[in-house]
Number of protein chains: 2
Amino acid sequence: MSNEHNDYVRDLVFSLKKLPGIGERSARRLAFHILSQNDAAAFNLANSIVNAKKNVNLCKVCFNLASEELCPVCSNNSRNEKMLCIVENPEIIYVFEKSGNYNGYYHVLHGLINPLEGVGPADIKLKELVDRVAGEGFEEIVIALNPNSNGEATSFYIQKLLAPYNVNITALARGIPIGSDLEYVDKDTLAEAISGRKKF
Amino acid sequence: MSNEHNDYVRDLVFSLKKLPGIGERSARRLAFHILSQNDAAAFNLANSIVNAKKNVNLCKVCFNLASEELCPVCSNNSRNEKMLCIVENPEIIYVFEKSGNYNGYYHVLHGLINPLEGVGPADIKLKELVDRVAGEGFEEIVIALNPNSNGEATSFYIQKLLAPYNVNITALARGIPIGSDLEYVDKDTLAEAISGRKKF
């Protein structure tokens, strides 16, 4: 594999392969692409990475990505200060904001409780959540975690954790996704959709 | 879209989106991943890009990627100097070397003739190919271009270009891929496989 002997290409492939969803073949394809570009394009990509990493930190309040002390959501005081939505990571905030159907604040856990991988309650932003709920006047907390076993476990833990406080805890509705074909909906989703059925 | 207001994240997503096969969603996912890593991992990726781009150039002889004057293939003089394989880009050399079934030299065109996108014969390394074939003593030239219309057009052009020289010009065999299911093979491949059938 003579081409492998080029250390620079190998290093680049190795670094790219660490990205999520990028396997050996994709990493190689990206590397060859980067090397076939002009210098400016490649250096631009490298600069974007360094600049973003240097200038983007976590919001002091909700742990969303922020290039100031506070993220754009927390620094906007025209939002609904009675509502807090708990999400796993900043990507989910992006999705929520894009949908435009939520105008409360957020709290980013940066992970889910995952006993198999040794992630316990102390490893995610739960203490900070309790402090916020104790200190701020939220009336409703929406738990918006992924519907998988770690998400369920974390939701359950949060419900117990927040039980002493006078807040309504809600969760996103489960059911048939819009535009889906009932024939292909998995049985757990169907079960949730049936038990959660609503009057017209 | 409050999260969009972070210029650094937007720039990073924008740069990542220029990579092949990376759409808006993947770019966002990669960006959030890069930002959630520790500094070292992100800076490492940026450095790999810059280092590869600075240190990797094109081989003076065959236009493969090289960090010296000559690429690892061209600087290996124990290969078969009678054979030359014409490929579209350096990635194909990697695939050939990995298969371990070819031990001649290569010539990288860096593109295919593509009239629709305005890529003509002068835009790829064809003049350099003719110079090599005229100057070096190749006995066989294997054309290993993709089996699509641009690959076919380029192959045809190369055959005419090299006709004056005393070399055998061959092409990779077409046919049914190993491990495939005949039911799903497209009709053009099947036609090639039938017309190219061989005696047991």
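Everything here concerns the structure above.
Note that the structure is predicted; figures quoted are calculated from it, not measured. (Residues numbered from 1 in each chain as written. Chains lettered and ligands numbered in written order. Predicted model: local features only at pLDDT ≥ 70, side-chain atom pairs only at ≥ 80, totals over all residues.)

Caption draft 1: Representation of the sheet that holds strand β3 (residues 83–87) of chain A in the model. Residues and elements named next belong to chain A. Overall, parallel pairing links the four strands, which are arranged β4-β3-β5-β6 in an open sheet. The two strands at the open ends of the sheet, each matched to only one other strand, are β4 (105–108) and β6 (168–171). Strand-to-strand twist across the sheet, computed as the mean angle between neighbouring axes with direction ignored, equals 25 degrees. (Pairing = 2+ DSSP bridges. Helix = DSSP H or I, 4+ residues; strand = E, 2+ residues; numbered from the N terminus. Axes fitted to C-alpha atoms, helices over the stretch in contact; angles between N-to-C directions.)

Caption draft 2: Up close: the sheet that holds strand β5 (residues 140–143) of chain B. Residues and elements named next belong to chain B. Pairing within the open sheet is parallel, and its four strands lie in the order β4-β3-β5-β6. Every interior strand has two partners, whereas the edge strands, β4 (105–108) and β6 (168–171), have only one. Here the average twist between neighbouring strands, direction ignored, is 25 degrees. Relative to β4, strand β3 (residues 83–87) is paired through four bridges, and the arrangement is parallel. When the bridges of β4 are listed, I86 appears paired with H107.

Caption draft 3: Region of interest: helix α3 (residues 39–55) of chain A. Residue and element names in this part refer to chain A. Given a rise of 1.5 Å per residue, 17 residues ought to cover 24 Å, and the 24 Å separating the end C-alpha atoms of α3 matches this to within 8%. Three or more residues of α3 are buried, namely A42, L45, A46, S48, I49, A52 and K53. Along the axis of α3, the buried positions cluster into a sector of 145 degrees, meaning they face one direction only. Looking at α3, the residues exposed on the side facing more than 90 degrees away from the buried face are D39 and A40. (Expected span 1.5 Å × (residues − 1). Buried ≥ 20, exposed ≤ 12 C-beta atoms within 10 Å, placed from the backbone. Arc of directions from axis to C-beta.)

Caption draft 4: Inspection of the packing of helix α4 (residues 90–99) of chain A against helix α2 (residues 24–36) of chain B at higher detail. Where α4(A) contacts α2(B), the axes come no closer than 10 Å and their chain directions differ by 140 degrees. Taken together, α4(A) and α2(B) sit at an angle that is classed as oblique. Residues P90(A), E91(A) and Y94(A) of α4(A) lie in contact with α2(B), whose contacting residues are R28(B), R29(B) and F32(B). By residue class, the composition of the contact of α4(A) with α2(B) is three nonpolar, no polar and three charged. (Parallel < 35°, antiparallel > 145°, perpendicular 65-115°, else oblique. Contact = placed C-beta atoms within 7 Å. Nonpolar A, V, L, I, M, F, W, Y, C, P; charged D, E, K, R; others polar.)

Caption draft 5: A look at the pairing of β6(A). Residues and elements named next belong to chain A. As paired strands, strand β5 (residues 140–143) and β6 are joined by four bridges and run parallel to one another. Looking at β6, one finds that E140 is bridged to N168. This β-α-β element, β5 to helix α6 (residues 149–162) to β6, shows right-handed connectivity. (Right-handed = clockwise from strand over helix to strand, strands pointing away.)

Caption draft 6: Spotlight on the interface of chain A and chain B. Each partner contributes to the interface: chain A provides 50 residues, whereas chain B provides 50 residues. Listed by contribution, the elements that provide at least two residues to the side of chain A that touches chain B are α1 (7–17), α2 (24–36), α3 and α4 of chain A. Top element by residues in the side of chain A that touches chain B is α3(A). It accounts for 14 residues. In terms of residue class, the side of chain A that touches chain B is built from 26 nonpolar, 15 polar and nine charged.

Caption draft 7: Highlighting helix α4 (residues 90–99) of chain B. What α4(B) keeps buried is the set P90(B), I92(B), I93(B), Y94(B), F96(B) and E97(B). Of the surrounding secondary structure, the elements contacted by the buried residues of α4(B) are α2 of chain A together with β2 (65–66), β3 and β4 of chain B.

Just distances and angles here, no functional claims.
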